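Each chain is listed here by its residues.
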Amino acid sequence: MNILILGSGGREHAFAWKLSQSNKLSKLYIAPGNAGTFLLGENIPIGVNDFDKIKEVVLEKDIDLVIVGPEDPLVNGVHDYFLEDAQLNNIPVIGPQKMAAKLEGSKEFAKEFMMRHEIPTAKYQSFTAESLNEGYEFLESLEPPYVLKADGLAAGKGVVILKDLNEAKRELKSMLVDAKFGSASTTVVIEEFLEGIELSVFVLTDGINYKVLPTAKDYKRIGEGDTGLNTGGMGAISPVPFADKVFMGKIHDQIVKPTVEGLKKDDLPYKGFIFIGLIKVGNNPKVIEYNVRMGDPETEVVLPRVQNDFVELMRAVANGKLNEVNLKIDDRTATTVMLVSGGYPGAYDKGKMISGIEDISDSIVFHAGTTHKDGKVVTNGGRVMAITSYGNDFNDALKTSYTSIEKLKFEGMNYRKDIGFDL
Ligand code: AMP
Ligand code: GLY
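Residues numbered from 1 in each chain as written. Chains lettered and ligands numbered in written order. Predicted model: local features only at pLDDT ≥ 70, side-chain atom pairs only at ≥ 80, totals over all residues. Heavy atoms only, no water.

Peer 1: Would you explain the sheet that holds strand β9 (residues 188–191) in this entry?
Peer 2: Pairing between the strands of a sheet is mediated by backbone hydrogen bonds and can be parallel or antiparallel. Spatial strand order, β6-β9-β7-β8: four strands in an open sheet with antiparallel pairing. Two strands in the sheet have a free side with no partner beyond their single neighbour: β6 (124–127) and β8 (159–162). Neighbour-to-neighbour, the strand axes of this sheet turn through a mean angle of 20°, independent of strand direction. Both strand β7 (residues 146–150) and β9 contribute to a ladder of four bridges, which runs antiparallel. Paired with Leu-148 across the strands is Ile-190, a residue of β9. Across the sheet, helix α7 (residues 132–141) lies against β6, β7 and β9, angled at about 160° from β6, the strand it touches most. (Pairing = 2+ DSSP bridges. Helix = DSSP H or I, 4+ residues; strand = E, 2+ residues; numbered from the N terminus. Axes fitted to C-alpha atoms, helices over the stretch in contact; angles between N-to-C directions. Contact = heavy atoms within 4.5 Å.)

As structure tokens, this is what we get:
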């Protein structure tokens, strides 16, 4: 089977790594890929939203299956583009169709979905510029802190949490009236603040059947102790130690099952990964957000624990045969620590030479923002590499990741030394 992966991060390197272990894989292509995926397949320098170019590649390379890594091509309708094209419509795409991708593309749509299917989540209301005054009144009715969410995709920056009521009102006006996040904040969801510890659950579905993949917890802030600016994710752990059997039972019954059944009831075609961001409030799970893809760096700890042949798994999703799959999960814990460029998530330099990769034997190096320059691997993004290790528990696994990291170097390299600090 020839497979094309869309994307260029650590998530996509992890997909490529897992697919490469299957003897059912013939040729692997990654568009655009990075210096890590380069070792496992052919990188093709095209953008993930350039559907016409993707079509050319799919036909030219005789691709049998496409796996979509990031959300934007899904929200932009890459799956629908395939279905509507006579030359492409028999080539399966892993990732939901546009209508279902709105679960990530619109916070308001996601909230309405949860209301309709009685899935526990924070109380909310949504507002536009016309209802700014009602928005102020709703803020006044809530206890601080105040959670404001731009409805649309805002590159992970669209959620603002503020302690002060007046500041929250100013922020609401700036989002709605001054278009702080462009058209993404034409509508703003204001919701009740939930206090608790976060975790994520990943579900793989063929639209009818589904499998719950291992849980993971990521660390989003740049600074130790969860301080400073938000990033794409600085590290992750799987499984989440506090997600015991009873709690997972609640997640399954109250959230996973109604989500997959809700998609069916609402006629939202979904073949792919559902990433459910949760918060444990008291002893109960509530949904913070849906993403219509795998997480990054969560994929770098979830996939290493999935023991099934990944080509077979993707084929089962494509063919609606997930019910025939018996998911096998490694009991060990996996952890990953993200190495980032100095300055990230603010401005940072690219093109810094990375040394030591070939000296790593106890961990898996998943490339994220890397590329080649003059035959050398160099930095090419804010998040540069994720260093994944296995262990009997998360402390054990982290020790291995941190020991491996001592061998790696690039100018300005930064990482969090406290992944798992809150567990
Ligand atoms: P999101 O961009 O939806 O992932 O939200 C970013 C972060 O904001 C989440 O990971 C949570 O830490 C936080 N957050 C979002 N909604 C709430 C809420 N209702 N209560 C508390 N924290 C929240
Ligand atoms: N690590 C969070 C995300 O992938 O959205």
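Peer 1: So what exactly am I meant to see when it comes to the site of ligand 1 here?
Peer 2: Around ligand 1, a shell composed of 14 residues is seen, among which Glu-191, Glu-192, Leu-194, Glu-198 and Glu-289 lie nearest. One of the side-chain nitrogen or oxygen atoms of Glu-191 is found 2.7 Å away from a nitrogen atom of ligand 1. Here Glu-192 contributes a backbone N or O atom positioned 3.0 Å from a nitrogen atom of ligand 1. Protein contacts shield 88% of the accessible area of ligand 1, which totals 480 Å² for the unbound molecule. Among the elements of the structure, β7, β8 and β17 (284–291) are those that each provide at least two residues to the shell around ligand 1. Here the residues of the shell around ligand 1 are counted per class, giving seven nonpolar, no polar and seven charged. (Near = heavy atom within 4 Å. Polar contact = N/O pair within 3.5 Å; in protein donor to acceptor, adjacent residues only side chain to side chain. Areas by Shrake-Rupley, 256 points an atom, 1.4 Å probe, with all protein chains shown as cover. Nonpolar A, V, L, I, M, F, W, Y, C, P; charged D, E, K, R; others polar.)

Peer 1: Explanation requested: the packing of aromatic side chains in the structure shown.
Peer 2: Each aromatic ring pair is specified by the distance between its two centres and by the angle formed by the two planes. Using the criterion set out here, one finds 11 aromatic pairs in the structure. With a centroid separation of 6.3 Å and an interplanar angle of 65°, the aromatic rings of Tyr-344 and Tyr-348 are classed as edge-to-face. By relative accessible area, Tyr-344 is classed as buried at 14%. Look at Tyr-348 and you get partly exposed, because its relative accessible area is 31%. Among the aromatic residues, ring-to-ring pairing joins Phe-15, Phe-273 and Phe-310 into one connected group. A cation sits over an aromatic face here: Arg-332 above Tyr-390, 3.9 Å from the ring centre. Of note, Lys-417 hangs over the ring of Tyr-415, and the distance from its end group to the ring centre comes to 4.4 Å. (Phe/Tyr/Trp six-rings, centres within 6.5 Å; stacked < 30°, edge-to-face > 60°. Buried < 20%, exposed > 50% of the residue type's maximum accessible area, 1.4 Å probe, protein only. Lys NZ or Arg CZ within 6 Å of the ring centre and 35° of its normal.)

Peer 1: Looking at this model, I keep getting lost on the site of ligand 2. Mind explaining?
Peer 2: Taken together, Asp-218, Gly-232, Phe-275, Arg-293, Gly-295, Asp-296, Pro-297 and Glu-298 are the residues near ligand 2. Asp-218 places a side-chain nitrogen or oxygen 2.8 Å from a nitrogen atom of ligand 2. A distance of 2.9 Å is found between a nitrogen atom of ligand 2 and a side-chain nitrogen or oxygen belonging to Glu-298. Computed on the free molecule, ligand 2 has an accessible area of 200 Å², of which 88% lies beneath the protein chains in the complex.

Peer 1: Can you help me understand the side chain of Thr-259 in this one?
Peer 2: On the secondary structure map, Thr-259 appears in helix α9 (residues 245–265). The exposure class of Thr-259 is buried, given its relative accessible area of 1%. Residues in contact with Thr-259, not counting those within four places in the same chain, are Phe-113, Ile-119, Ile-274 and Tyr-290.

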